[in-house]
Amino acid sequence: MTKQMMDLRALVEKSADADLLREMIGFAAERLMDLEVGAKTGADYGEKSVERLAQRNGYRDRDWQTRAGSVELRIPRLRTGSYFPSFLEPRRAAEKALTAVIQEAYVHGVSTRSMDNLVQAMGGTGISKSQVSRLCEEIDERVDAFLTRPIEGEWPYLWIDATYLKVRQGGRTVSVAVTIAVGVNTDGRREVLGMAIGASEAEPFWTEFLRDLVRRGLGGVKLVISDAHEGIKAATARVLSTTWQRCRVHFQRNALAHAGKNSRRVVSAFIATAFAQPDHGSAKTQWRLVADQMRGKLPKLATLMDTAEEDVLAYMTFPQQHRAKLHSTNPSERLNGEIKRRTDVVGIFPNEASIRRLVGAILMEQTEEWTVQRGRYMTLETLAPSAMISLSASLPRRATDQLGPPECARPATSRTTRWDAIGTVPRTVS
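The shown structure was predicted, so the numbers you read here are calculated from the model rather than taken from an experiment.

A few points about the side chain of Thr242
Next, step 1: Its location among the elements puts Thr242 in the loop between helix 7 (230–240) and strand 7 (243–246).
Next, step 2: Reaching out from Thr242, the side chain makes a polar contact with the backbone oxygen of Val221 at a distance of 3.1 Å.

Some words on the nonpolar core
Next, step 1: Among the nonpolar cores identified, the biggest contains 57 residues, and Trp159, Phe251, Trp287, Leu326 and Leu363 are the most heavily contacted of them.
Next, step 2: Looking at this core element by element, the count peaks at eight residues for helix 14 (residues 352–372).
Next, step 3: Once residues lying within four places of it in the same chain are set aside, the contact partners of Phe251 are Arg246, Ile271, Trp287, Leu304, Met305, Ala308 and Val312.
Next, step 4: Ile151, Leu158, Phe209 and Ile232 belong to the second-largest nonpolar core, a separate cluster that totals 20 residues.

Points about the packing of aromatic side chains
Next, step 1: Evaluation of the coordinates by the stated rule reveals seven aromatic pairs.
Next, step 2: With centroids separated by 6.1 Å and ring planes inclined at 80°, the aromatic side chains of Trp159 and Tyr377 adopt a geometry described as edge-to-face. Linking Trp159 in strand 3 (residues 157–169) with Tyr377 in the segment after helix 14, this pair joins segments that are 218 residues apart in sequence.
Next, step 3: With a relative accessible area of 13%, Tyr377 lands in the buried category.
Next, step 4: Centre to centre, the rings of Phe205 and Trp206 are 5.7 Å apart; their planes meet at 65°, and the pair counts as edge-to-face. Pair check on accessibility: Phe205 and Trp206 agree, each one buried.
Next, step 5: Taking NZ or CZ as reference, Arg190 lies 3.9 Å from the ring centre of Tyr377, over its face.
Next, step 6: Stacked on the ring of Tyr377, the Lys or Arg Lys325 has its end atom at 4.2 Å from the ring centre.

Things to note about the packing of helix 10 (residues 280–294) against helix 11 (residues 299–312)
Next, step 1: Contact geometry of helix 10 with helix 11 gives a least axis separation of 8 Å together with a crossing angle of 165°. In this view, helix 10 runs roughly antiparallel relative to helix 11, as classed from their interaxial angle. Of the two elements, helix 10 crosses helix 11, and the hand of that crossing is left-handed. Across the interface between the two elements, Lys284, Trp287, Arg288, Val290, Ala291 and Met294 of helix 10 pack against Pro299, Leu301, Ala302, Met305, Asp306, Glu309, Glu310 and Val312 of helix 11.
Next, step 2: Looking at side-chain class alone, the contact of helix 10 with helix 11 contains nine nonpolar, no polar and five charged residues.

Considering the pattern of salt bridges
Next, step 1: In total, this model carries 15 salt bridges according to the counting rule given.
Next, step 2: Measuring nitrogen to oxygen at the nearest pair gives 2.8 Å for the salt bridge that ties Lys284 to Glu309. Taken together, the positions of Lys284 in helix 10 and Glu309 in helix 11 put the pair 25 residues apart, joining distant regions of the chain.
Next, step 3: Of the residues examined, Lys284 reaches a relative accessible area of 1% and is grouped as buried.
Next, step 4: Asp292 is the salt-bridge partner of Arg295, the closest N and O atoms lying 2.8 Å from each other.
Next, step 5: On the basis of relative accessible area, Asp292 is assigned to the partly exposed category, the value being 26%.
Next, step 6: Salt bridges linked by common partners bring Lys284, Arg288, Glu309 and Glu310 together as one network.

With respect to helix 9 (residues 264–275)
Next, step 1: Between the first and last C-alpha of helix 9 there are 17 Å, a value that for 12 residues agrees with the 16 Å anticipated at 1.5 Å per step.
Next, step 2: Buried within helix 9 are the following residues: Val266, Val267, Ala269, Phe270, Ile271, Thr273, Ala274 and Phe275.
Next, step 3: On its buried side, helix 9 packs onto helix 8 (248–256), helix 10 and helix 11.

A closer look at the environment of Ile355
Next, step 1: With respect to the helices, strands and loops of the structure, Ile355 is situated in helix 14.
Next, step 2: Residue Ile355 is classed as buried on the basis of its relative accessible area, which comes to 0%.
Next, step 3: For the pair Ile355 and Thr343, spaced 12 residues apart in the sequence, the C-alpha separation amounts to 8.8 Å.

Topic: the pairing of strand 7
Next, step 1: In strand 7, alternate side chains face the same way, and those of Thr243 and Gln245 on one face and Trp244 and Arg246 on the other are all buried.
Next, step 2: Of the strand pairs in this sheet, strand 6 (residues 223–226) and strand 7 are connected by four bridges, and their pairing is parallel. When the bridges of strand 7 are listed, Ser226 appears paired with Arg246.
Next, step 3: Read as a crossover between parallel neighbours, the route from strand 6 over helix 7 to strand 7 is right-handed.

Thresholds, definitions, all that
Residues numbered from 1 in each chain as written. Predicted model: local features only at pLDDT ≥ 70, side-chain atom pairs only at ≥ 80, totals over all residues. Heavy atoms only, no water. Helix = DSSP H or I, 4+ residues; strand = E, 2+ residues; numbered from the N terminus. Polar contact = N/O pair within 3.5 Å; in protein donor to acceptor, adjacent residues only side chain to side chain. Core = buried A, V, L, I, M, F, W, Y, C linked by side-chain atoms within 4.5 Å. Buried < 20%, exposed > 50% of the residue type's maximum accessible area, 1.4 Å probe, protein only. Contact = heavy atoms within 4.5 Å. Phe/Tyr/Trp six-rings, centres within 6.5 Å; stacked < 30°, edge-to-face > 60°. Lys NZ or Arg CZ within 6 Å of the ring centre and 35° of its normal. Axes fitted to C-alpha atoms, helices over the stretch in contact; angles between N-to-C directions. Parallel < 35°, antiparallel > 145°, perpendicular 65-115°, else oblique. Left-handed = near helix turned anticlockwise from the far one by under 90°. Nonpolar A, V, L, I, M, F, W, Y, C, P; charged D, E, K, R; others polar. Salt bridge = Lys/Arg side-chain N within 4 Å of Asp/Glu carboxyl O. Expected span 1.5 Å × (residues − 1). Pairing = 2+ DSSP bridges. Right-handed = clockwise from strand over helix to strand, strands pointing away.

This is the structure we're talking about:
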């Protein structure tokens, strides 16, 4: 004890006033750690004792931020077991909370510079890019568990879409496709079922993506909704052997590209008359009627309608209560928009692993929000075999077959609409 008092007296006499408090805090912390380690090991430093429980094994350095400034600590290490100073335990809890804040900020698309400012505002000394990456690697375990979890039950409806993000590869900046699958189960609940990253949207990529979902347990799929892509269509037929729905919204954009600027409003109204039909058969009849009316002045549009008929109207074979949500990829489009919003601040990702980490965390968060929602996305009690219209009962493709005129309402017109812009108005009967 006399030597300890002499050390403290020497410290007071030699230290400058500005550093005195910080040095005294360091001295007190060092003595406290010696006492704690002595109690933990059963003997003081250098003491030979039969009651010793563990040996010391050097020190590890750590900066302790205090109100008096930064204090350099040398925390003793043990050969067996571990030791952490008791006076730093509250600080450890604060650091865990700060780590959680950093991870949350990362998932919400906050840039590294903004996170550095955030840490300083919370009383820290700032954070570097490498520290952000190291802390966010803890997210990987949760994301991997989410993206590889077993898929249980049946999922009648499946939306598939892709968005493109930029990443550095081999010294170049390239765009990669981030594919997302969203499903609705028989309880009417939505979940993100999977995600994959690929260089392109070729058929082999889609095939492997769907096979991975099947390996994890995906089953009971009755309809796959996506944008027009031959790779998706072929992979759906090969892996899932189910019906494919071409996004109606994307089709209308493609169709209007074949119409003149002044005719687009009229063309859109003509095509909408098919979507307004009460059932699949009358929708197909009206579709053919519209295509034939277009054939004279807009032959390319008519040909597009001929080839896309089955795929665009596939959703009409399903219960009417579900059709508003089955005809397009709007559910996945909104999710892609959220991904774009949060990834815009990143700009160019350093590698694909960082894309998987951030996008996977966003998808996990979205699925959790859907899970706790009180209302269901769909009511699937009506999704029974008796309620489904068999595709084999589909009507013939051509309007010249022996079919009667469809029953539909004439499209509403405004005073400024020129119905003769592209030809005769499609005939309908009441």
